[in-house]
Amino acid sequence: EERVVELAEQGMTAAEIGIELRDNGVKGEPVPDVKLVTGKKISEILEENDAEPEYPEDLVSLMEKAVRLREHMDEHNTDASNRRALQNVESKIRRLADYYRGDKLPEDFKYSPETARRIVE
């Protein structure tokens, strides 16, 4: 659990922590499944130690994708397939924000491209 918190403080997400423990382990010993060893998921360990990220990991990864797509659309404004992909990603972000609002997100959280750019950077 100490290693999980240490990796989180270095800025790693829960998924990255799981990969790091699987590949490099603790003291040279690989950890294939954190839940088997500790009885808790990585996110539960982070929550108990107040090391959880400000925004949920799945929401941030969707926002990163939306920012990349928007940058692409700025250069290639006639790319219809990526315009549709951007619409789909932003729709997913809004639905996920509705799901997390009040629990892991503030009540007044509202998605906008500027908000996504600020969170990602």
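Residues numbered from 1 in each chain as written. Predicted model: local features only at pLDDT ≥ 70, side-chain atom pairs only at ≥ 80, totals over all residues. Heavy atoms only, no water.

## What about the nonpolar core?
What counts is decided by this rule: Grouping buried Ala, Val, Leu, Ile, Met, Phe, Trp, Tyr and Cys residues that are joined through side-chain atoms within 4.5 Å yields what is termed a nonpolar core. Three exposure classes are used, based on accessible area relative to the maximum for each residue type with a 1.4 Å probe and protein chains only: buried under 20%, partly exposed in between, and exposed over 50%. Starting at the N terminus, helices and strands are each numbered in turn, a helix being any DSSP run of H or I of at least four residues and a strand any DSSP run of E of at least two. In this analysis, two residues are considered to be in contact whenever any of their non-hydrogen atoms come within 4.5 Å of each other.
Ranked by internal contacts, the top residues of the largest apolar core, which has 20 residues, are M63, I93, L105 and F109. Breaking this core down by element, the ones donating at least two residues are α5 (57-75), α6 (80-100) and α7 (113-120). Looking at which element gives the most residues to this core, the answer is α5, with eight residues. Residues contacting F109, with those up to four places away along its chain left out, are Y55, M63, A97, R101, T115 and I119.

## Remarks on the pattern of salt bridges
Threshold: Each salt bridge in this description consists of a side-chain nitrogen of Lys or Arg and a carboxyl oxygen of Asp or Glu lying within 4 Å of one another.
Under the definition given, this model contains eight salt bridges. With a shortest N-O distance of 3.0 Å, E1 and K40 are connected by a salt bridge. Pair noted here: E1 is in the segment before α1 (2-9) and K40 is in the loop between α3 (34-38) and α4 (42-48), with a separation of 39 residues, a long-range link. As a salt-bridge pair, R3 and E20 come within 3.8 Å of each other at their nearest N and O atoms. Of this pair, R3 sits in helix α1 while E20 sits in helix α2 (residues 14-23), placing them 17 residues apart in sequence. Given the relative accessible area of 19%, E20 is considered buried.

## Details of the environment of I42
Looking at where I42 falls in the secondary structure, it is placed in helix α4. Taking the C-alpha atoms as reference points, I42 and E121, separated by 79 residues in sequence, lie 24 Å from one another. In this view, I42 contacts V4, A14, I17, G18 and V34; residues no more than four positions away in its chain are not counted.

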